[in-house]
Amino acid sequence: SDKPTLLDPGISFPLPFDQEDANQAAQSRAEAEEIEIPETYSARVKAAALYKKSLENKFHENPALGKLILHYAEILPNAKNKAAAGNALYKLVEIAKTRILTDHNAAIGTALFYSRFKKTPAAIKISEDFLRVGKPSLNFMGHYLDFLLQEGRLDKAREVFEKIKDVNP
């Protein structure tokens, strides 16, 4: 058949190596940042694998954590085993709880994770908590608008839409 098959994203928890390698972690993170530029599914899958590799080389104080959560949340619907993938992502979300107010990637990814499991009110709360202290990207505001629409919060959705409608991406 000519129907394309999607690449299984291979979502799994990064298991840190015994020996930390900050240089390798930084190199993998830099490669991921270059690969993710075209915002395509395959680019997200490849970038996620590199962010995971970065975290395996240096888990603590690594900005790759927020990016991995975001990409995993974006590609989660295509996982062959959604329960196992969701569990791996949930563990990352739990570890990143303290970063959700300061790292917009962790905030979007966590909110998106909750919305994927039909917990849109939690996604809205996470978004609103971040908005109180963080500087949102246009991508963040687009997801927030989507969560509000899913919950039928049209007055608030209109406010958000009015704020972002004239922004050039």
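It should be noted that the structure appears before, not after, this text.
In every chain, residue numbers begin from 1 and rise along the written sequence. Residue-level local features of this predicted model are given only where pLDDT is at least 70; pairs of side-chain atoms are given and counted only at 80 or more, and the full residue set underlies all totals for whole chains, interfaces and linings. Side-chain metrics rest on all non-hydrogen atoms present in the structure, leaving aside hydrogens and water.

Caption draft 1: Geometry of the overall build of the protein chain. Starting at the N terminus, helices and strands are each numbered in turn, a helix being any DSSP run of H or I of at least four residues and a strand any DSSP run of E of at least two. Within the protein chain, the secondary structure is distributed over eight helices and zero strands. Start at the N end of the protein chain and walk to the C end: the helices and strands fall as α-α-α-α-α-α-α-α. A radius of gyration in this sense is built from C-alpha atoms; the matching globule rule multiplies 2.2 Å by the number of residues raised to 0.38. Against the 2.2 N^0.38 benchmark of 15 Å for 169 residues, the protein chain shows a C-alpha radius of gyration of 16 Å, consistent with a compact globule. When each of the 169 residues of the protein chain is scored for burial, the buried share is 44%. For the protein chain, restricting intrachain contacts to residue pairs at least 6 apart in sequence, the fraction spanning at least 24 positions comes to 63%. Only the protein chains shown count as cover for residues, and all accessible areas are computed by the Shrake-Rupley method using a 1.4 Å probe. For the protein chain, the accessible surface area stands at approximately 9,700 Å², while carbon and sulfur atoms represent 53% of it. Counted charges follow a simple rule, with Lys and Arg positive, Asp and Glu negative, and His plus the chain ends left uncounted. By convention, the point assigned to a charge is CZ for Arg, NZ for Lys, CD for Glu and CG for Asp. Here the protein chain carries 24 positive and 23 negative side-chain charges, and the mean point of each set is 4 Å from the other. We call a residue buried when its accessible area falls under 20% of the maximum for its residue type, exposed when it is over 50%, and partly exposed in between, using a 1.4 Å probe and counting protein chains only. In this description, contact between two residues means that some pair of their heavy atoms is separated by no more than 4.5 Å.

Caption draft 2: Quick peek at the pattern of salt bridges. For this analysis, a salt bridge means a side-chain nitrogen from Lys or Arg found within 4 Å of a carboxyl oxygen belonging to Asp or Glu. Applying the stated criterion across every chain, the model contains 10 salt bridges. Across the pair Lys 165 and Glu 162 runs a salt bridge, and its minimum N-O distance is 2.9 Å. Accessibility expressed as a relative area gives 42% for Lys 165, which makes it partly exposed. Among the charged side chains, a network of salt bridges with common partners joins Glu 39, Arg 44 and Glu 74.

Caption draft 3: Here's a closer look at helix α1 (residues 22–35). Helix length check: α1, at 14 residues, gives a terminal C-alpha distance of 20 Å against a target of 20 Å (1.5 Å per residue), a fit within 8%. Ala 25, Ser 28, Arg 29 and Ala 32 are the residues of α1 that are buried. Down the axis of α1, the sector holding all buried residues measures 100°, keeping them to one side. For α1, the exposed residues lying more than 90 degrees away from the buried face are Asn 23 and Glu 34. Buried residues belonging to α1 abut α2 (41–57) and α3 (64–75). Helices are assigned an expected span. That span is 1.5 Å times one less than the residue count. Think of it as the arc spanned by the lines of direction from the helix axis to the C-beta atoms.

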